[in-house]
Amino acid sequence: MVGEEFYRREGAEAIIVRPLDDIVLLYHRPSGQTHMVISPVPEILDTMADGLPASATMLRDRLALLYDLGEGDVVGEIGQHLAYLDRIGLVRPA
Amino acid sequence: MRHSLTLRIGPATFRIGSAWAQPIDQLARLYADYPDVDGAIADFTVRLQPTSAVRRWVRPSIFITGDHGLADAAPMSLAHGLLAAEMGMNLQMALGWRRHLLLHASSVEKDGRVLVMTGESGSGKSTLAAQLGERGWRLMGDEFALLDLDSGAILPFPRLVSLKNKAIDVIAGEVPAARMGPLLGATAKGDIRHMVPRADAVARMGEGGMPALLLFPRFGSGPAERPVGQGEVFMRLTQASTNYVALGEPGFAALTRFVAQVPARAIDFPSGEAAIAMVDRLWSEIA
């Protein structure tokens, strides 16, 4: 997609991931903030584990190999999650 | 200050200074069986001082101050000096303690394992802990539970139990008068009376235990019980902690371990007896 935003994940050591039974906790070391997230946020971050720049379309393609993503504007949804993760400092524009 | 007393409660040492004798005399009587730490270096200082020079004599009015201040602490009447001292100690602990994750919770121990109860003021956690403490459990604290960052154990903070309004008669009916403080009528929180924990709870105040069950008690309806998901438990415990953010990553590690390992239930109960029956059953079933 032309003009699509690219993001990269914060370094692996910057985020501690602790899955509980119904949510996933993300502790962001640089800010000391704790975030409570649910699917698909942990899955999106997992697919960015290599630390390389990725777009919503690229992440949709990677996630589609692992999960049944269903109908609807999946790329748009992933893009919204990326924008939110950028605001809280867990990913940054590449 | 003119009158003073040094007290150790659990791992914390407080020096309470007062412009008046009465609050110190009352504390000295109620904390008589606590360790003698006269001369020890205190973690916190609590000062009860007059709001003005004149107020020391004319309708005395107390201003609580200490190492960690509270901007809008309202002056209190000298008749409530004991309450002011207790509030001052709680405040210093809540704002200044960093050696453990501090949870606004009551806790009791049996066979080396700990039941932790957390909830808003008025939930009944304090009264329930006091009642369990008279029925074969060891009272570890009615206000703060200290979560050890390394071992994951809960450590005691067995200060005086602060009983409010209807809870006063419930507990006074089963505890010897010598273990009850004076009735403090018509405070900002209603009537308050303090209870001294049993001697073994005081003697063993350095002895922690591993948490085995977490309850969110709520007095006033039920009986009803529901499991609580770990996400909700985590969120409520961060809200119940006064120093979670300040502790940073060690606090996160300790709290997530607690949440992942300790089963949790919310219980609604219409009476103390109903709550005790629920606790006994849950303790034998899942703790």
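Look up: the structure comes first, before these words.
Residues numbered from 1 in each chain as written. Chains lettered and ligands numbered in written order. Predicted model: local features only at pLDDT ≥ 70, side-chain atom pairs only at ≥ 80, totals over all residues. Heavy atoms only, no water.

**So, the overall build of chain B**
- Looking only at helices and strands, chain B has nine helices and 16 strands in total.
- Its C-alpha atoms give chain B principal-axis dimensions of about 60 × 45 × 35 Å.
- Burial status across chain B gives 55% buried among its 287 residues.
- Contacts in chain B between residues at least 24 apart in sequence constitute 68% of all its contacts with a sequence separation of at least 6.
- Of the roughly 11700 Å² of accessible surface on chain B, a fraction of 52% belongs to carbon and sulfur atoms.
- When the 29 basic and 28 acidic side-chain charges of chain B are each reduced to a single mean position, those positions are 5 Å apart. (Helix = DSSP H or I, 4+ residues; strand = E, 2+ residues; numbered from the N terminus. Buried < 20%, exposed > 50% of the residue type's maximum accessible area, 1.4 Å probe, protein only. Contact = heavy atoms within 4.5 Å. Areas by Shrake-Rupley, 256 points an atom, 1.4 Å probe, with all protein chains shown as cover. Lys, Arg positive; Asp, Glu negative; His and termini not counted. Charge placed at Lys NZ, Arg CZ, Asp CG, Glu CD.)

**Let's talk about the sheet that holds strand 6 (residues 91-93) of chain A**
All names here are of chain A.
- Pairing in this open sheet of three strands is antiparallel, and the strands run 5-1-6 from one edge to the other. Looking along the sheet, the strands with just one partner apiece sit at the ends: strand 5 (54-55) and strand 6.
- As paired elements, strand 1 (residues 6-9) and strand 5 share two bridges and run antiparallel to each other. For Tyr7, the partnering residue across the bridge sits in strand 5 and is Ala54.
- Against the sheet, helix 3 (residues 74-87) touches strand 1 and strand 6, its axis set at about 100 degrees to strand 6. (Pairing = 2+ DSSP bridges. Axes fitted to C-alpha atoms, helices over the stretch in contact; angles between N-to-C directions.)

**Things to note about the packing of helix 1 (residues 21-30) of chain B against helix 2 (residues 81-96) of chain B**
Residues and elements named next belong to chain B.
- Their axes nearest at 8 Å, the elements helix 1 and helix 2 cross at an angle of 70 degrees. In terms of orientation, helix 1 and helix 2 fall into the roughly perpendicular class. Each of Pro23, Gln26, Leu27 and Leu30 in helix 1 lies in contact with helix 2, whose residues at this interface are Gly81, Leu82, Ala85, Glu86 and Met89.
- When grouped by side-chain class, the residues that make up the contact of helix 1 with helix 2 number six nonpolar, two polar and one charged. (Parallel < 35°, antiparallel > 145°, perpendicular 65-115°, else oblique. Nonpolar A, V, L, I, M, F, W, Y, C, P; charged D, E, K, R; others polar.)

**Concerning the interface of chain A and chain B**
- Across the contact, eleven residues belong to chain A and twelve residues belong to chain B.
- Carbon and sulfur atoms make up 67% of the area that chain A and chain B hide from each other, which totals about 1000 Å².
- Contact with chain B buries surface across chain A, with Leu20(A), Tyr27(A) and Met36(A) losing the most and accounting together for 42% of the total.
- Summed over the shared surface of chain A and chain B, the number is one salt bridge.
- Between Glu249(B) and Arg29(A) there is a salt bridge; the shortest N-O distance is 2.7 Å.
- Our count for the chain A to chain B interface comes out at five residue pairs in polar contact (both at pLDDT 80 or more). (Buried area = accessible area lost by both parts, 1.4 Å probe. Salt bridge = Lys/Arg side-chain N within 4 Å of Asp/Glu carboxyl O. Polar contact = N/O pair within 3.5 Å; in protein donor to acceptor, adjacent residues only side chain to side chain.)

**Things to note about the environment of Asp150(B)**
- Following the sequence through the fold, Asp150(B) ends up in the loop between strand 9 (144-148) and strand 10 (154-155).
- For Asp150(B), a relative accessible area of 68% translates into the label exposed.

Purely geometric stuff here, so don't read any function into it on its own.
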